[in-house]
Amino acid sequence: MTQYDPEARIWSARPRPPVLNPRASVGQVLLNVLERTPTKVAQINADTNVWLTCDDLRRRAIRFALFLQDHLSNAPADGGDPVVLIARNSDNVAPVAIGCFLAGIPIGTLDPAFSSEEIRNMLGIMRPRAMITDRQTLPSVRAAVGDTFAGLLLEFDKVGVLQMTDHEPADPQCYCIDTLLGGKVSKLEDAYVPPYLGDSERRTAAIVCSSGTTGMPKAVRISHAQLIAPYQRISQLDRDDTILCFSTLYWISGLQMLMTGVLNGIRRIITSEPTSPGLAIELCQRYDVTVLLVTPTLAADMIRMLENGGDRLRSLKLFAVGGSPVPITLRAAINQQAVVSGRGRCFVGYGMSEAGPVAYEYVPRADSVGFLTPGVKAKIVDAEGRLLGPNEPGELLVRPAHPFLGYHRDPVATAGALDQDGYVRTGDIARFDTDGFLFLVERMKEIFKVGGRQVAPAELESIIGEMPGVRLVAVVGVPDPAAPFDDLAMALIVRAEGPAGDALSKQSVLDHLEKSVSAEHKRLRGGVFFVGQLPMTANGKVKRSSAKDIAVEMYANSFRIYD
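Definitions and limits used
- Residues numbered from 1 in each chain as written.
- Predicted model: local features only at pLDDT ≥ 70, side-chain atom pairs only at ≥ 80, totals over all residues.
- Heavy atoms only, no water.
- Helix = DSSP H or I, 4+ residues; strand = E, 2+ residues; numbered from the N terminus.
- Buried < 20%, exposed > 50% of the residue type's maximum accessible area, 1.4 Å probe, protein only.
- Contact = heavy atoms within 4.5 Å.
- Areas by Shrake-Rupley, 256 points an atom, 1.4 Å probe, with all protein chains shown as cover.
- Salt bridge = Lys/Arg side-chain N within 4 Å of Asp/Glu carboxyl O.
- Pairing = 2+ DSSP bridges.
- Axes fitted to C-alpha atoms, helices over the stretch in contact; angles between N-to-C directions.

**Digging into the overall build of the chain**
Counting secondary structure elements, the chain contains 17 helices and 27 strands. Buried positions account for 56% of the 563 residues belonging to the chain. A fraction of 66% describes how many contacts in the chain between residues 6 or more apart in sequence connect residues 24 or more apart. By element, 51% of the accessible surface of the chain is carried by carbon and sulfur atoms, the whole surface being about 24000 Å².

**A word on the pattern of salt bridges**
As a working rule, side chains carrying opposite charge can pair if their charged atoms are close by. All chains considered together, the criterion is met by 25 salt bridges. As a salt-bridge pair, D421 and K379 come within 3.4 Å of each other at their nearest N and O atoms. Of the two residues, D421 is situated in the loop between α13 (411-417) and β21 (424-432) and K379 in strand β19 (residues 377-381); the sequence distance between them amounts to 42 residues. What makes D421 partly exposed here is its relative accessible area of 42%. Among the ionic pairs, R386 bridges to E384, the shortest N-O distance being 3.2 Å. The exposed category is assigned to E384, whose relative accessible area is 57%.

**Quick look at the sheet that holds strand β17 (residues 356-360)**
What the nine strands build is an open sheet, ordered β4-β3-β13-β12-β14-β15-β16-β17-β18; its pairing is mixed. Of all the strands in the sheet, just β4 (51-53) and β18 (371-372) have a single pairing partner and so form its edges. Two strands pair when backbone bridges link them, and β17 and β18 are joined in this way by two bridges, in the antiparallel orientation. Note on β18: the bridge partner recorded for Y360 is F371. Sheet strands touched by helix α12 (residues 328-338): β15 (318-321) and β16 (345-352). Its angle to β16, the strand with the most contacts, is close to 140°.

**Considerations on the sheet that holds strand β2 (residues 10-13)**
Taken in spatial order, the six strands make up an open sheet running β1-β2-β19-β20-β21-β22, and their pairing is antiparallel. Each having just a single partner strand, β1 (2-5) and β22 (438-443) make up the two edges of the open sheet. Neighbour to neighbour, the strand axes of the sheet diverge by 40° on average, direction disregarded. Alignment of strand β20 (residues 394-399) against β21, held across four bridges, turns out to be antiparallel. By the bridge assignment, G394 is partnered in β21 with A430.

Everything listed here is a matter of geometry and, on its own, says nothing about what the molecule does.
Written out as structure tokens, the structure reads:
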């Protein structure tokens, strides 16, 4: 439950101390948990059918920690610059991450779908001491760094470690991570004692990228305490559960599911295959998945496929959907079509890289993301910074149980992200109701004005997304030729496959919207445009800045609404 202090105008979760000790280092905690059930399966690679037990995971992590200690100088008190991982999911990605935690060196995660330019930009921010990649991503990494990277370059496949200099590669020391970590059992592993690394609230464990949907991502520092405290459950999950999440460790969701799996002693299914509704359903059925985490777009595609096939995901307990707003109709469809009634349900949460989990839907309420998670405090402020009360929408600011460490090598952005009381600015417009349920309204950066009045794209997208023929929709503002400082609302729509999508027309969208929205400034005066696809991040979010560029170009080429 969320409590409200009417005098301070602050919302907070009821106190509940974490089960595991957030003052320890995350490597200590992970190894302790893995040692308890050495023979239990911790990870299954759906691509190769390689199964790793908790003992396999523990030993491989220790081997990588020892390797880092031999090849890199001791980490400074704050962990220093990271080891950067840019790779798809594979057997040894989790051991590499845990090995970095043990060695006290932050792991920085990049998207294997990044272009060379995007890699170069993030490497310029992170300044890694070592990079780890795979065969598919290596060409982009080499194009990004050229001969300028002075550190260790490791690969999961074939060739391994290359010592790079400022000019030419030195004689290569060839290691393959898969070979290095898959060796025989060693006495060194049995004798290994993970070190205590100091203040876990201030020491960086991981550096992840912000979502980058509205611009270039920033490098978010995450502490050891932030990775320990939120992820062990005392309810809902048990040791016979199985998690499926397609995210790589680039996405905070991938890191969260790794922690949730290990800290709760439950197995994870991994795959490097491209995400698709068919694959998600097939893996759920093959491995009796009980916890599934997907984006709203993938969830909607799965529902359509399940409706056509007449089957259900009978093993699911939690069909978790996150990353962007989840329409009420999608939640209802998941509960009715995807899972067996009475066993599982749609589960929605809200969080951010900077603050971790902020709210979970412990108790369902239509359109809400639930109650604040333990230790989190929140406030709602207006444009002038004045505190607002229940049912008054404004910017949501949150103070997590363990402080936000800031953006790596960016003190200006860090200062801008915090208010004077240490609350993190989420950039989301939200409200709490009188019962303490949190409702998200819109991203501040995505709001535009029509006739001087604000339009929240999420509101219109939710209404349009209810139509059966709509697979994906993005509402953006395009410049109004008649009003230089104003916008017109435009909808870019991807049709769903099948009769419903074929029947969808510009006029049917306009008619549907008019039934639900009476305000004239929320009409789609910029038009309805049907497109084959929308620019997406690898995690299934619409790239807003790119979508707006497309909309502006389409509007400039035609002042008429067409199909």
